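One-letter residues, chain by chain:
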Amino acid sequence: MADEKLRFVCEACNYKFERVKTWKERICPYCGKKAVHEERSVADLLDDPELGTCVPL
Ligand SMILES: [Zn+2]
């Protein structure tokens, strides 16, 4: 199976990029800060009770 790509976004600079699913470093390739998380759609966030609380309404 090929490496599955996920979309990530940096909270520090809002830079969006793709990495393979197994990527563990979570360091932004643009600003170098370790403030990267998986980019998820609003629908995904609302479906997830834990992450949903992080969404400013
Ligand atoms: Zn960044």
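Conventions we followed
Residues numbered from 1 in each chain as written. Predicted model: local features only at pLDDT ≥ 70, side-chain atom pairs only at ≥ 80, totals over all residues. Pairing = 2+ DSSP bridges. Helix = DSSP H or I, 4+ residues; strand = E, 2+ residues; numbered from the N terminus. Axes fitted to C-alpha atoms, helices over the stretch in contact; angles between N-to-C directions. Buried ≥ 20, exposed ≤ 12 C-beta atoms within 10 Å, placed from the backbone.

## A look at the sheet that holds strand β3 (residues 36–38)
And then number 1: Read across the sheet, three strands follow the order β2-β1-β3 without closing on themselves; strand pairing throughout is antiparallel. Where the open sheet ends on each side, the last strands, each with one partner, are β2 (16–20) and β3. Within this sheet the neighbouring strands show an average axis-to-axis angle of 40 degrees, counted without direction.
And then number 2: Sheet topology places strand β1 (residues 5–10) next to β3; three bridges connect them, and they run antiparallel. Directly across from V9, in β3, lies its bridge partner H37.

## Considerations on the pairing of β2
And then number 1: The buried fraction of β2 is low, at zero of five residues.
And then number 2: Judged from the five bridges that link them, β1 and β2 form a sheet pairing that is antiparallel. For K5, the partnering residue across the bridge sits in β2 and is V20.
And then number 3: The turn linking β1 back onto β2 is made up of five residues, and N14 within it adopts a positive phi angle of 70 degrees.

Read these as spatial facts, not as claims about activity.
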